[in-house]
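# Structure at a glance
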Amino acid sequence: MFRSALGKTLGFVGYTIQYGCVAHCAFEYIGEFVACSGPSMEPTITSHDVVFSERLSRHLCRIENGDIVIAKNPFDPHMNICKRVIGLEGDKVCTSGPSDIFKTHQYVPKGHVWLEGDNLRNSTDSRSYGPVPYALIRGRVCLKLWPLHHVGALNQSPTGRVVKRSD
Amino acid sequence: MFRSALGKTLGFVGYTIQYGCVAHCAFEYIGEFVACSGPSMEPTITSHDVVFSERLSRHLCRIENGDIVIAKSPFDPHMNICKRVIGLEGDKVCTSGPSDIFKTHQYVPKGHVWLEGDNLRNSTDSRSYGPVPYALIRGRVCLKLWPLHHVGAINQSPTGRVVKRSD
């Protein structure tokens, strides 16, 4: 009686661990659903929108300029940030604002990316904390899933600051 | 004939995926074996040593000053680095060398750690590339497994540069 209950419990725990691991690997290597909060990506993504973030581009190193990415916050390992990739390693990014008289530029170091929010006036991004290591990127946002009347692909950058590459 | 072969193949693929996911989660959440290369951690760890790096401390945020960690290189997302944690966020670290007349210091920003190799003369670390985001840390080295005559715990820092915390 006791042995069969123990056997069933262990079997149940074993199945739970197995399928938990499979689900974890699916979220790790395929994609995950993300609920966004904050105003830094308006109007492209507004607070409480739900998006789908795919992992394949990140693992295959196919993140490109103009992509919206989910990354770990460099200043808080438990928080994530959602920004647009303005420049990849080696790109020359403009670090001055539109109202500055003298334009300043910076080259993105190897292994890093330059991230900016679409809502430039209300976004803390690489303009304040510098380039972000590529390894902190979790995934690329490819679909908006909520609200339902906005389901579909995401818009291009409205700021015109994305570095254009010739290749 | 064909159906049974297809069924067996799919069953085999299914089992492989299942156990692959379980193994991946074991390496992700328990620990992994790491073969080190390079001179930057001599004499504590020499090239071709094999160590065991546990993941629990990193996930539970229990990395402390003096721990040796494996982290993703900030300049190459495909490479890992093995260094000792000299300071955590908020600590004051000495950024000048022993031969400098004027001592300079820096505070480690929030969400970052200051890493240095034990072989100070032959190590590229935070003294050259600055503090590293905590989120890049993969695990804490807790055991040396090879060579066999050195199996056991890892030694304390020989450099005396680890920041002592009062708490």
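Residues numbered from 1 in each chain as written. Chains lettered and ligands numbered in written order. Predicted model: local features only at pLDDT ≥ 70, side-chain atom pairs only at ≥ 80, totals over all residues. Heavy atoms only, no water.

Within an unreviewed UniProt entry, the label attached to chain B reads Mitochondrial inner membrane protease subunit, and the organism entered is Salvelinus namaycush. Annotation of chain B in UniProt includes, under Subunit (unreviewed entry), the sentence "Heterodimer of 2 subunits, IMMPL1 and IMMPL2." Chain B has a UniProt comment under Subcellular location (unreviewed entry) that states "Mitochondrion inner membrane". (UniProt positions renumbered as here; feature names shortened; annotations may be inferred.)

In the annotation of an unreviewed UniProt entry, the entry for chain A reads Mitochondrial inner membrane protease subunit, and the organism field reads Salvelinus namaycush. According to UniProt, the comment filed for chain A under the heading Subunit (unreviewed entry) is "Heterodimer of 2 subunits, IMMPL1 and IMMPL2." Here chain A is described in UniProt, under the heading Subcellular location (unreviewed entry), as follows: "Mitochondrion inner membrane".

### A look at the interface of chain B and chain A
Facing the 24 residues of chain B at the interface are 24 residues of chain A. Buried area between chain B and chain A, both sides added, is near 2000 Å², and the carbon and sulfur share of it is 70%. Of all residues in chain B, B:Q18, B:H24 and B:F75 give up the largest surface area on contact with chain A, accounting jointly for 23% of the area buried on that side. Viewed at the interface, chain A and chain B are joined by 0 salt bridges. Taken together, the connections running from chain B to chain A amount to 4 residue pairs in polar contact (both at pLDDT 80 or more). Going through the elements one at a time, helix 1 (2-29) and strand 4 (76-87) of chain B are the ones with two or more residues in the side of chain B that touches chain A. In terms of residue count, helix 1 of chain B provides more of the side of chain B that touches chain A than any other element does, 8 residues in total. By residue class, the composition of the side of chain B that touches chain A is 14 nonpolar, 5 polar and 5 charged. (Contact = heavy atoms within 4.5 Å. Buried area = accessible area lost by both parts, 1.4 Å probe. Salt bridge = Lys/Arg side-chain N within 4 Å of Asp/Glu carboxyl O. Polar contact = N/O pair within 3.5 Å; in protein donor to acceptor, adjacent residues only side chain to side chain. Helix = DSSP H or I, 4+ residues; strand = E, 2+ residues; numbered from the N terminus. Nonpolar A, V, L, I, M, F, W, Y, C, P; charged D, E, K, R; others polar.)

### Considerations on unusual backbone geometry
Omega for the bond connecting A:W146 with A:P147 falls within 30 degrees of zero, at 5 degrees, which places this linkage in the cis form. Looking at where A:P147 falls in the secondary structure, it is placed in the segment after strand 9 (137-146). Each neighbour pair has its own omega, and for B:W146 with B:P147 the value is 5 degrees, a cis peptide bond. Considering the arrangement of structural elements, one finds B:P147 in the segment after strand 9 (137-146). Of note in the backbone geometry, A:C61 takes a positive phi value of approximately 55 degrees without being a glycine. One can find A:C61 in the loop between helix 2 (56-59) and strand 3 (68-73). Here B:H48, not a glycine, exhibits a phi torsion of approximately 75 degrees, which is positive.

### Topic: the sheet that holds strand 9 of chain B
All names here are of chain B. The sheet built from 7 strands is open, its strands ordered 1-2-9-3-4-7-8 with antiparallel pairing. Looking at strand neighbours, the two that pair on one side only are strand 1 (31-35) and strand 8 (132-133), the edges of this open sheet. Both strand 3 (residues 68-73) and strand 9 contribute to a ladder of 4 bridges, which runs antiparallel. For I68, the partnering residue across the bridge sits in strand 9 and is V141. (Pairing = 2+ DSSP bridges.)

### A word on the confidence of the model for chain B
Here chain B averages 90 in pLDDT, and 99% of its residues register 70 or above. The ipTM value of the predicted complex is 0.85, and its pTM value is 0.87. (pLDDT = per-residue confidence, 0-100.)

### Considering the UniProt feature "active site" (unreviewed entry) in chain A
Residue and element names in this part refer to chain A. Here, the residues flagged by UniProt with the feature "active site" (unreviewed entry) are S40 and K83. For the residues just named, distributed over 44 residues, the greatest C-alpha separation is only 7.8 Å, placing them together at one site. Along the chain, S40 turns up in the loop between strand 1 (31-35) and strand 2 (50-54). Once you skip the residues sitting within four places of it in the chain, S40 turns out to touch C82, K83, G117, D118, N119, N122 and S123.

### Some words on the side chain of B:E28
Inspection of the secondary structure assignment puts B:E28 in helix 1. Although B:E28 lies buried, it forms no salt bridge, and the closest oppositely charged side chain, B:R55, sits 4.0 Å away as judged by the N-O distance. Leaving out residues up to four positions away in the same chain, B:E28 has contacts with A:H24, B:R55 and B:H59. (Buried < 20%, exposed > 50% of the residue type's maximum accessible area, 1.4 Å probe, protein only. Lys, Arg positive; Asp, Glu negative; His and termini not counted.)

### A closer look at the environment of B:K92
Residue and element names in this part refer to chain B. Here K92 is to be found in strand 5 (residues 92-94). Given the relative accessible area of 45%, K92 is considered partly exposed. Once the C-alpha coordinates of K92 and Q106 are considered, the two residues, 14 residues apart in sequence, prove to be 5.6 Å apart. If we skip the residues at most four places from it in the chain, K92 touches H105, Q106, Y107 and V163.

### A short note on the nonpolar core
Grouped together as the largest cluster of nonpolar side chains are 28 residues, with contacts concentrated most on A:V113, A:L115, A:I137, B:V113, B:L115 and B:I137. Only strand 3, strand 4 (76-87) and strand 7 (112-116) of chain A together with strand 3, strand 4 and strand 7 (112-116) of chain B provide two or more residues apiece to this core. Every residue in contact with B:I137, bar those within four places of it in the chain, is listed here: B:R58, B:I63, B:V69, B:I70, B:A71 and B:V113. (Core = buried A, V, L, I, M, F, W, Y, C linked by side-chain atoms within 4.5 Å.)

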